[in-house]
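Here are the chains, one letter per residue:
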Amino acid sequence: MKRKSFTKIYLHQIKTLFPIFGKKERQYLKGFEETVQDYADDHPIQSTGDLINEFGTPQEVVNSYIDQADVDYLSRKIKKNTFIKRIIFVVAFCFLIFLGFYAVLIYKDYLSAKNAHITKEEIIIEYEGPGNEE
């Protein structure tokens, strides 16, 4: 594996651990990525373990960011993300309920249409010929 892929894996692991991902987090990750790339250019990297030994585990990196970040900023962003997720959940739930009712209506229409169509036809032919006089 190339050293670039080890840095990509390491940075992806860090990115996935962020509880929120806003402008400040992108700026932090961009600076951290440049630092990791500079280190990778200067040192031979055989695995992600080399990066973990130098910079720490992905959890430690994210924890250090959270420790030095503004608490008000983080709480506002988390509340906003929670609110957005709840709105999306409510909209999705309402949409599913709507689809359920719509499916029931379509099924009722199908049944009424099925009963309205002639599925068999009975033809009675009466013969009035000689010998069949009434």
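Calculation rules
- Residues numbered from 1 in each chain as written.
- Predicted model: local features only at pLDDT ≥ 70, side-chain atom pairs only at ≥ 80, totals over all residues.
- Heavy atoms only, no water.
- Buried < 20%, exposed > 50% of the residue type's maximum accessible area, 1.4 Å probe, protein only.
- Helix = DSSP H or I, 4+ residues; strand = E, 2+ residues; numbered from the N terminus.
- Arc of directions from axis to C-beta.
- Contact = heavy atoms within 4.5 Å.
- 1 Å grid on protein atoms, 1.4 Å probe; cavity = no way out; pocket = protein on both sides within 12 Å on 5 of 7 lines; lining within 4 Å.
- Points joined across faces, edges and corners; volume = space filled by probe spheres on them.
- Nonpolar A, V, L, I, M, F, W, Y, C, P; charged D, E, K, R; others polar.
- Core = buried A, V, L, I, M, F, W, Y, C linked by side-chain atoms within 4.5 Å.

Residue pairs three or four apart in sequence face the same way in an α-helix, which turns once every 3.6 residues. Those residues of helix α4 (residues 58-68) not exposed but buried are Pro58, Val61, Val62 and Tyr65. Taken down its axis, α4 places every buried residue within 95° of arc, on the same side. Pointing more than 90 degrees away from the buried face of α4 are the exposed residues Asp67 and Gln68.

So, on to the side chain of Thr7. Checked against the element boundaries, Thr7 lands in helix α1 (residues 3-17). Excluding its chain neighbours within four sequence positions, the residues that come into contact with Thr7 are Val36, Gln37, Ala40, Ile45 and Leu51.

The calculated volume of the largest pocket comes to roughly 200 Å³. Broken down by secondary-structure element, the contributors of at least two residues to the lining of the largest pocket are α1 and α2 (23-42). Of the residues assigned to the lining of the largest pocket, the class counts are three nonpolar, three polar and five charged.

For the rest of this paragraph, the subject is the nonpolar core. Generally speaking, nonpolar side chains in soluble globular proteins are found buried as a group. Counting 19 residues, the largest nonpolar core has Tyr10, Ile14, Phe18, Phe32, Val36, Ile45 and Leu51 as its most contacted members. Every element with two or more residues in this core is listed here: α1, α2, α4 and α5 (71-116). At five residues, α2 tops the list of elements feeding residues into this core. If near-sequence neighbours (up to four positions away) are discounted, Tyr10 is found in contact with Phe32, Val36, Thr48, Leu51, Ile52, Phe55, Gly56, Thr57, Pro58 and Val61.

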